[in-house]
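Take a look at the letters that make up each chain.
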Amino acid sequence: MHIDKHQRDNHNESHYQAHKAKWDALKSDINDVEGVVKKIIDFQIAIPSWALGTGGTRFGRFAGGGEPRSLEEKIEDIGLLHQLNKSSGAISLHIPWDIPKDAKAIKILAAQYGLRFDAMNSNTFQDQKNQLHSYKFGSLQHVNKSVRDQAVQHNLEVIEYGKQLGSNSLTIWLSDGSSFPGQLNFRKAFQNTLNGLQQIYAALPEDWKMFVEYKAFEPNFYSMTVGDWGQSLLYAQKLGPKAFTLVDLGHHLPNANIEQIVSLLLMEGKLGGFHFNDSKYGDDDLTVGSINPYQLFLIFNELIEGMDTRHMDHATDLGWMIDASHNVKDPLEDLLQSVEAIKIAYAQALLVNTKALKQAQEQNDVAQAQEILQAAYRTDVRALIAEARVLAGGVYQPLTFFRTLKVRERLISSRGKETIATGL
Ligand code: RM4
Ligand code: MN
Ligand code: MN
């Protein structure tokens with residue numbers, strides 16, 4: 001869906017005065033305003049192709065209607081988000097949920113919306129129709145070599161699709177593990193998995209990265225073969241310089257200190273990418289920033305500190321992606337909210353007075369350290385995000401405008417009420 005330029009301009013004109021008052025008040029407090037605005041504009045977050053339909057739980061699924069029926073329609077949906085917020089300029093594909101049958105045409109369509117292809121994702125956690133061997137007892141860890149070979153082969157195919165689309169990374173999340181004590185020899189499972197990953201790693205093009213994503217539990221409930229950042233880091237270290245750990249915010253045990261994990265992975269040069277979402281319990285895949293925005297800010301604070309120390313480019317040196325599944329919200333509204341929350345946390349972290357924080361740390365001034373962090377966190381940066389968004393060609397209020405345009409109603413009338421998008 002392409003947004004009518006006049007409608008966009010009307011929207012922006014009607015919000016201009018109110019915005020200007022807030023922006024004028026905020027900008028005098030920001031050091032190097034232009035530099036900060038530029039960083040906000042440059043920061044793009046990839047949208048997963050599996051988050052555009054309504055997600056379900058194992059108890060049911062309540063579709064909202066107008067879901068994309070094809071990869072082309074998914075690209076159109078992300079293209080719409082990107083026109084609104086100018087921050088969703090990439091798409092991440094899951095294979096075989098979204099196979100680009102005509103890669104050339106898909107690339108052209110994406111380019112029309114200003115979208116590039118982010119990390120490719122393989123799927124060896126579900127059995128597909130006509131698949132020779134089952135992944136019921138794992139994929140790369142499997143005791144049977146034929147199953148392991150099939151899983152390796154699938155990843156090689158995913159790399160091929162990615163090459164055609166101009167992607168340059170592969171994310172591997174394995175559901176491998178065990179649900180009962182005694183089911184698995186942990187060491188053998190690790191070694192089989194490492195061996196498979198090594199074969200996949202060997203097939204990576206020169207300029208590609210491999211992201212090894214960990215998860216504490218689910219679907220296996222006793223052990224996961226890539227269960228935490230320590231295990232992921234072990235694989236990444238053994239694999240070589242193109243392999244990195246990927247942190248999905250929902251993949252930890254409750255109360256894990258994710259900001260510390262991020263800091264140490266960055267220190268080792270082994271943090272590769274991020275899957276944003278929010279959760280109260282486990283892999284809840286809720287809207288980013290909906291439950292624990294302070295944690296998100298603290299994570300960004302470590303990201304920026306760690307990246308700056310290593311002279312990394314915030315926008316391009318790590319893979320930024322949303323990984324969520326929406327049970328009750330309109331998926332597009334949810335994604336708009338998630339992108340906004342990420343940008344807010346990023347902007348707040350950019351405002352941290354790092355010099356003063358370092359000083360407070362050197363002096364063991366604990367109270368002052370908290371003051372400094374919370375001064376940034378409590379800054380209302382929404383006008384900064386809006387300013388950057390409109391400068392980049394987007395709109396002041398993406399969600400409001402999305403509703404004014406009656407996007408969902410229009411999608412339902414063109415695609416139908418009963419459509420079901422591929423994905424979770
Ligand atoms: C997993 C994990 C992966 C995602 C799948 C769909 O829990 O987060 O990143 O590809 O879900
Ligand atoms: Mn994930
Ligand atoms: Mn997940």
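Predicted model only: the values in this text are computed from it and were never measured.

Moving on: the coordination of the manganese ion (ligand 2). Ideal values differ by geometry: the angle at a metal is 109.5 degrees with four tetrahedral donors, but 90 or 180 degrees with six octahedral donors. Binding of the manganese ion (ligand 2) to the protein goes through Glu213 (OE), Asp248 (OD), His275 (ND1) and Asp323 (OD), at separations of 2.1 to 2.2 Å. Around the manganese ion (ligand 2) sit 6 donor atoms; with metal-centred angles ranging over 72 to 168°, the donor geometry is octahedral. Counting residues between consecutive donors of the manganese ion (ligand 2) along the chain gives the motif E-x34-D-x26-H-x47-D. In this structure, the manganese ion (ligand 2) is positioned 3.8 Å from the manganese ion (ligand 3). With a gap of 62 residues between them, Glu213 in strand 8 (residues 209–213) and His275 in strand 11 (residues 271–276) connect regions that are remote in the sequence. Of the two residues examined, Glu213 and His275, each falls in the buried class.

Here we come to the site of ligand 1. Trp50, His94, Trp97, Trp173, Glu213, Lys215, Asp248, His251, His275, Asp283, Asp323 and Leu424 make up every residue found near ligand 1. His94 has a polar side-chain atom sitting 2.7 Å from an oxygen atom of ligand 1. Within the side chain of His251, one N or O atom sits 3.1 Å away from an oxygen atom of ligand 1. Here the residues of the shell around ligand 1 sort into 4 nonpolar, 3 polar and 5 charged.

As a further point, take the environment of Asp334. On the secondary structure map, Asp334 appears in helix 10 (residues 331–350). Each C-alpha atom of the pair Asp334 and Leu80 lies 14 Å from the other, and the pair is 254 residues apart in sequence.

Here we come to the coordination of the manganese ion (ligand 3). Protein ligation of the manganese ion (ligand 3) involves His251 (NE2), Asp283 (OD) and Asp283 (OD), the donor distances falling in the range 2.2 to 2.7 Å. Since its relative accessible area comes to 4%, His251 is described here as buried.

Turning to the packing of helix 1 (residues 5–27) against helix 13 (residues 382–391), a few remarks are in order. Interhelical geometry of helix 1 versus helix 13 gives an angle of 130° and a closest axis separation of 9 Å. By the angle class used here, helix 1 and helix 13 are oblique. Helix 1 and helix 13 meet at a crossing whose hand is left-handed. Of helix 13, the residues touching helix 1 (which contributes Asn12, His19, Lys22, Trp23 and Leu26) are Ala383, Leu384, Ala386, Glu387 and Val390. Class assignment for the residues of the contact of helix 1 with helix 13 results in 6 nonpolar, 2 polar and 2 charged.

Let us look at unusual backbone geometry. The omega torsion across Ile95 and Pro96 is 15°, close enough to zero to call that bond cis. On the secondary structure map, Pro96 appears in the loop between strand 4 (90–94) and helix 4 (103–112). At the junction of Glu218 and Pro219, the peptide bond is cis and its omega measures out at 10° in the coordinates. Along the chain, the position of Pro219 falls in the loop between strand 8 and strand 9 (223–224). Look at Asp32: it is not a glycine, yet its phi comes out positive at around 50°. Positionally, Asp32 belongs in the loop between helix 1 and helix 2 (33–42). Here Asp32 falls in the exposed class, since its relative accessible area comes to 56%. Of note, the phi angle at Lys406 is positive, near 55°, even though the residue is not glycine. Along the chain, Lys406 falls in the loop between helix 14 (398–404) and helix 15 (407–415).

The topology assignment puts Gly319 in strand 12 (residues 319–322). Given the relative accessible area of 15%, Gly319 is considered buried. For the pair Gly319 and Ala46, spaced 273 residues apart in the sequence, the C-alpha separation amounts to 8.2 Å. For Gly319, the contacting residues outside a window of four places in its chain are Gly272, Gly273 and Phe274.

This paragraph deals with helix 9 (residues 293–309). Over its 17 residues, helix 9 runs 24 Å from end to end, which matches the ideal 24 Å to within 8%, given 1.5 Å per residue. Considered for burial, the residues of helix 9 that qualify are Gln295, Leu296, Phe297, Leu298, Ile299, Phe300, Asn301, Leu303, Ile304, Gly306 and Met307. For helix 9, the elements touching its buried residues are helix 8 (258–267), strand 11, strand 12, helix 10, helix 11 (354–362) and helix 12 (366–377). Within two residues after helix 9, His311 carries a phi angle of roughly 55°, on the positive side.

Judged by nonpolar contacts, the single largest core of 108 residues is most densely connected at Ile75, Phe274, Phe300 and Leu303. Take this core: its biggest share by element is 11 residues, from helix 10. If we skip the residues at most four places from it in the chain, Phe274 touches Leu246, Val247, Leu249, Val262, Ile299, Leu303, Gly319, Trp320 and Met321. Listed in part, the 5 residues of the second largest apolar core include Ala46, Trp50, Ala90 and Met321.

Quick look at the pairing of strand 4 now. Burial analysis of strand 4 places 5 of its 5 residues in the buried class, the great majority of the element. Because side chains alternate across strand 4, one face comprises the buried residues Ala90, Ser92 and His94, and the other comprises Ile91 and Leu93, equally buried. Across 3 bridges, the pairing between strand 1 (residues 46–48) and strand 4 is parallel. Each residue of the ladder has a partner; that of Ala46, found in strand 4, is Ala90. Sheet topology note: the strand 4/strand 5 (residues 116–121) ladder contains 4 bridges and is parallel. Counted as the bridge partner of His94 is Asn121 from strand 5. For the crossover from strand 4 across helix 4 to strand 5, the handedness is right-handed.

Criteria and cut-off values
Residues numbered from 1 in each chain as written. Chains lettered and ligands numbered in written order. Predicted model: local features only at pLDDT ≥ 70, side-chain atom pairs only at ≥ 80, totals over all residues. Heavy atoms only, no water. Donors = N, O, S within 2.8 Å, 3.2 Å for Na, K, Ca; no water. Tetrahedral: all angles 85-135°; square planar, octahedral: opposite > 155°, others 65-115°. Helix = DSSP H or I, 4+ residues; strand = E, 2+ residues; numbered from the N terminus. Buried < 20%, exposed > 50% of the residue type's maximum accessible area, 1.4 Å probe, protein only. Near = heavy atom within 4 Å. Polar contact = N/O pair within 3.5 Å; in protein donor to acceptor, adjacent residues only side chain to side chain. Nonpolar A, V, L, I, M, F, W, Y, C, P; charged D, E, K, R; others polar. Axes fitted to C-alpha atoms, helices over the stretch in contact; angles between N-to-C directions. Parallel < 35°, antiparallel > 145°, perpendicular 65-115°, else oblique. Left-handed = near helix turned anticlockwise from the far one by under 90°. Contact = heavy atoms within 4.5 Å. Expected span 1.5 Å × (residues − 1). Core = buried A, V, L, I, M, F, W, Y, C linked by side-chain atoms within 4.5 Å. Pairing = 2+ DSSP bridges. Right-handed = clockwise from strand over helix to strand, strands pointing away.

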